[in-house]
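In case you want the letters, here they are:
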Amino acid sequence: MNYFLTTPIYYVNANPHLGHAYSTIVADVMRRFHLLDGDECLLLTGTDEHGDKIVKAAEARGMLPKSFVDEMSGRFRDLWPTLDISVDRFIRTTDKNHKRSVQAFLQKVHDAGDIYFGEFGGHYCFGCERFYTEKELENGLCPQHLTRPEYIEEKNYFFRMSKYLPWLKEHMERHPDCIRPERYRKEAMAMVESGDLEDLCISRPKSRLTWGIDLPFDDGYVCYVWFDALINYISAIGWPGGGEFDVFWPGEHLVAKDILKPHAIFWPTMLKSAGLPVYRHLNVHGYWLSRDAKMSKSLGNVVSPLDMGRRYGNDAFRYFLLREMHFGSDANFGEDALVQRINADLANDLGNLFNRVLSMAARFLGSVVPPRGEMLPRDTAIADLAKESMENWAQLFRNVQFSQGLESLWVLVRALNKYTDSEAPWALHKAGETKRLGTVMQVLLTAMEKVALLCWPVMPKAATRMLEQLGSRTKPAKGTLAKVMASFAEYPPGTTLAPSSNLFPRQEAPVADAAPAGDASGKKGEHAAPDAGKKGGGQGASPHVVPPDSSGDGATVPVTIEDFKKLDIRIGTIRAAERHPKADRLLRMEIDFGEGRLRQILSGIAEHYDPKTLVGRQVCALLNLPPRKMRDLVSEGMVLTAEGEGGVRLLTVDGPVPDGGVVA
Ligand code: MSP
């Protein structure tokens, strides 16, 4: 199938911010998903450059509109590749071809008898570039900008939109998924049924504004910026005149709820009047809020997408945006929540899975994939789960339910970690059960290759690295999804794997960011706090030192020396060490801190150390934590570790120190 997707074309009066980046990232994710799903894809974005507010912004910079829009449009166009967004077409409403299309469209609608000349007075908001009726204003103010509109009376051209409203109502009834999620279709339907919609004023007299496209039938007027802007969706693909238009139209649109009305009401009626088919879907998302308000330049609460991408890596940032916001609802942007997600979902779940499996393959198999042996029911259960999870993922992504889709993929990721725990490849290796070890590693690698591919729409670079680390021959390309979903075949024996993986380093909490993330509807998003007990984070486990090459900018929480003194970190000698009888990742140690007794400390380092080699070694541990029970055993402190190239390493001293020596 041909799949044509558009983002809004953004106003160039301000720099791109997180809200613009979100729409364009989602569009890129949808494009990549549809490509894997076998579609021929075309993604369009661009800039909206006409109208009053652009002129005002140019004046404020002391620039002519043309040089101003050239510069600002470039900022949008250049941002997208730096966020790993692959755009196929970039349109500017000042392009010659676009102007020609708009004039052809206007002429067509005029010829159909759907444009008339009339007198009009209304409340005009320059921010929105539109007239508001009394009813639409809130306390006399524009509901979007909270500013008082200007009352303007003038002669103008009107599009007979009201003529097409009965048809639009029927269209929306006949195509229940034309606007999704459903709540926005209902909202659009309510607008149509309210009886408040009037004909659309589509011109501005040149006496007031010259920065626009001339009406083909009256050169005393320019076209209303919204009428001009909406036509970009077909002018960019060559309308009128066939070419890509014939191949790709009808396409689908992606917008936020702020511009529901032009897309749900103006645009389909315009298309109908011009005798063109209506779009397939209008996908509507909510707002990213910052400190509970919609991000906007005027409120001074914008988040820079580039900063976030640079600080945390584009993949992690994109994952967070897609996972955190339930498509359609609002969400608060908080750096704390971003870090939590990275640590919980990416470092602990996904990154850990890759690192432990590849490290074990290196240690037990020389990084060469063995053949698969007999599949036991617990192995086929993983194969079944992989199938189910991929099918759910694909269905949910098709329905623009990205957060839920990622969650269903993570069901598989978490199950693979559990499977590793329960099948304990290290124990199979120790017992010399080579065949069974081969099968377990096979099951893991086959499933991990599928996970890597399914991560590609959201995290293209990390997914490519995962596939490389797996020595995979699967390439994210048109139609790959069907092949990967078709079977749970043996992973090609003899494939060489990477010796380890450090895809998502753990991140430090940001300096000061109290804003919580989640659904701003009041319901907290279900972002999981890093699961300390399960994954070995937190007490009794390893508070990893973040490797210096992590994409962080080195930001840490400032503390005073007094704060530091509160930490009781001491040197002790390990007197005994063994595996925790009930948790594969944990070691149980008895450590002498010169207290006249041995302290029991549990640590999530079982995969990295043979307990026998630890006895007699000196380690650093934080002692003044409340005791904590982990799988029936109590941990009375936390040994300190750092994440190295080949896995977790214990912090120690470079010469003997009396037990109980204070770290200061
Ligand atoms: N130029 C018009 C669109 C014309 S489309 C034919 C316009 N431009 S805009 O620069 O204001 O962009 C609005 C769009 O930017 C929203 O619909 C949404 O896609 C994105 N966002 C801007 N702020 C946003 C948030 N705070 N949150 C989420 N997305 C937001 O309207």
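Computed from a prediction, not measured in an experiment: that's the story for all the values here.

On to the overall build of the chain. Within the chain, the secondary structure is distributed over 21 helices and 26 strands. Projected onto its principal axes, the C-alpha positions of the chain cover 95 × 60 × 40 Å. Per-residue burial over the chain gives 57% buried out of 664 residues. In the structure as shown, the chain presents an accessible area of about 26,900 Å², 53% of it carried by carbon and sulfur atoms. Separation between the mean location of the 80 positive side-chain charges and that of the 85 negative ones in the chain comes to 3 Å.

Moving on, we come to the pattern of salt bridges. Enumeration over the complete set of coordinates arrives at 48 salt bridges. For Asp-88, the salt bridge goes to Arg-31, with nearest N and O atoms at 2.9 Å. Within this pair, whereas Asp-88 is found in the loop between helix 3 (65–82) and strand 3 (89–92), its partner Arg-31 is found in helix 1 (residues 18–36), the two being separated by 57 residues in sequence. According to the relative accessible area criterion, Asp-88 is partly exposed, its value standing at 26%. Here Lys-387 and Glu-391 are joined by a salt bridge, their closest N and O atoms 3.1 Å apart. In this pair, Lys-387 and Glu-391 are both assigned in helix 14 (residues 377–398), four residues apart and thus about one turn of the helix distant.

Attention now goes to the site of the ligand. In the vicinity of the ligand lie 23 residues, with Ile-9, Ser-23, Asp-48, Asp-258 and Trp-288 positioned nearest. Asp-48 places a side-chain nitrogen or oxygen 2.7 Å from a nitrogen atom of the ligand. For the ligand, whose unbound accessible area comes to 670 Å², protein coverage reaches 95%. Where the shell around the ligand is concerned, the elements lending two or more residues are strand 1 (2–11), helix 1, helix 7 (225–230) and helix 8 (232–235).

Averaged over all residues, the pLDDT of the chain equals 90, while 92% of them reach at least 70. Predicted confidence is poor over residues 513–556, with pLDDT under 50, and the contacts of this stretch with residues over four places away or in other chains come to 119 contacts.

Attention now goes to the packing of aromatic side chains. Counted under the stated rule, the structure contains 32 aromatic pairs. For the pair Phe-117 and Tyr-157, a centre-to-centre distance of 4.6 Å together with 45° between the ring planes defines the contact as tilted. Note that Phe-117 is positioned in strand 4 (residues 115–125) and Tyr-157 in strand 6 (residues 150–159), a separation of 40 residues in sequence. You can call Tyr-157 buried: its relative accessible area is 10%. Measuring from ring centre to ring centre gives 6.3 Å for Phe-159 and Tyr-164, while their planes differ by 20°; the resulting arrangement is stacked. Taking relative accessible area as the criterion, Tyr-164 reaches 11% and is therefore assigned buried. Members of the aromatic cluster, joined through ring pairs, are Phe-4, Phe-105, Phe-159, Tyr-164, Phe-227, Tyr-233, Trp-239, Phe-245, Phe-248, Trp-249 and Trp-267. The ring of Phe-126 has Lys-56 sitting right over it, with the charged end atom 3.8 Å from the ring centre. Of note, Lys-257 hangs over the ring of Tyr-287, and the distance from its end group to the ring centre comes to 4.7 Å.

With that settled, the discussion passes to the sheet that holds strand 19 (residues 587–592). The five strands are arranged 20-19-18-21-24 in an open sheet whose pairing can be described as antiparallel. The open sheet has two edge strands with one neighbour each: strand 20 (598–603) and strand 24 (638–639). Of the strand pairs in this sheet, strand 19 and strand 20 are connected by six bridges, and their pairing is antiparallel. Within the sheet, the bridge partner assigned to Arg-588 lies in strand 20 and is Leu-602.

Below, the discussion takes up the nonpolar core. Counting residues in hydrophobic clusters, the biggest one holds 174 residues, and the most contacted among them are Phe-105, Phe-227, Trp-267, Phe-333 and Leu-350. The element best represented in this core is helix 13 (residues 335–365), accounting for 14 residues. Leu-350 has contacts with Asp-345, Trp-410, Val-413, Val-451, Cys-455, Met-459, Met-466 and Phe-504, leaving out every residue within four places of it along the chain. In terms of nonpolar packing, the next biggest core, distinct from the first, is built from 16 residues, Leu-587, Ile-591, Leu-614 and Val-639 among them.

In the contact formed by helix 11 (residues 305–312) and helix 12 (residues 314–324), the axes pass within 6 Å of each other and the chain directions differ by 120°. As the angle between them shows, helix 11 and helix 12 are arranged oblique. Residue-level contacts link Pro-305, Met-308, Gly-309 and Tyr-312 of helix 11 to Asn-314, Ala-316 and Phe-317 of helix 12. Its residues placed into classes, the contact of helix 11 with helix 12 shows five nonpolar, two polar and no charged.

Let us now look at helix 6 (residues 182–194). In a regular helix each residue adds 1.5 Å, so 13 residues correspond to 18 Å; helix 6 covers 18 Å between its end C-alpha atoms and thus fits that length. Every buried residue of helix 6 is accounted for by Tyr-184, Arg-185, Ala-188, Met-189, Met-191 and Val-192. The buried residues of helix 6 occupy an angular sector of 155° when projected down its axis, which confines them to one face. Tucked inside the fold, the buried residues of helix 6 contact helix 5 (165–174), strand 7 (179–180), helix 10 (260–273) and strand 13 (281–285). Gly-195 sits one or two positions beyond helix 6 and adopts a positive phi of about 80°.

With that out of the way, let us pick up the side chain of Thr-446. Within the secondary structure, Thr-446 sits in helix 17 (residues 434–455). A relative accessible area of 3% places Thr-446 in the buried class. Polar side-chain contacts of Thr-446 include one of 3.3 Å to the backbone oxygen of Ala-489. Among residues more than four places away in sequence, those in contact with Thr-446 are Phe-488, Ala-489, Glu-490 and Tyr-491.

Rules used in this analysis
- Residues numbered from 1 in each chain as written.
- Predicted model: local features only at pLDDT ≥ 70, side-chain atom pairs only at ≥ 80, totals over all residues.
- Heavy atoms only, no water.
- Helix = DSSP H or I, 4+ residues; strand = E, 2+ residues; numbered from the N terminus.
- Buried < 20%, exposed > 50% of the residue type's maximum accessible area, 1.4 Å probe, protein only.
- Areas by Shrake-Rupley, 256 points an atom, 1.4 Å probe, with all protein chains shown as cover.
- Lys, Arg positive; Asp, Glu negative; His and termini not counted.
- Charge placed at Lys NZ, Arg CZ, Asp CG, Glu CD.
- Salt bridge = Lys/Arg side-chain N within 4 Å of Asp/Glu carboxyl O.
- Near = heavy atom within 4 Å.
- Polar contact = N/O pair within 3.5 Å; in protein donor to acceptor, adjacent residues only side chain to side chain.
- pLDDT = per-residue confidence, 0-100.
- Contact = heavy atoms within 4.5 Å.
- Phe/Tyr/Trp six-rings, centres within 6.5 Å; stacked < 30°, edge-to-face > 60°.
- Lys NZ or Arg CZ within 6 Å of the ring centre and 35° of its normal.
- Pairing = 2+ DSSP bridges.
- Core = buried A, V, L, I, M, F, W, Y, C linked by side-chain atoms within 4.5 Å.
- Axes fitted to C-alpha atoms, helices over the stretch in contact; angles between N-to-C directions.
- Parallel < 35°, antiparallel > 145°, perpendicular 65-115°, else oblique.
- Nonpolar A, V, L, I, M, F, W, Y, C, P; charged D, E, K, R; others polar.
- Expected span 1.5 Å × (residues − 1).
- Arc of directions from axis to C-beta.

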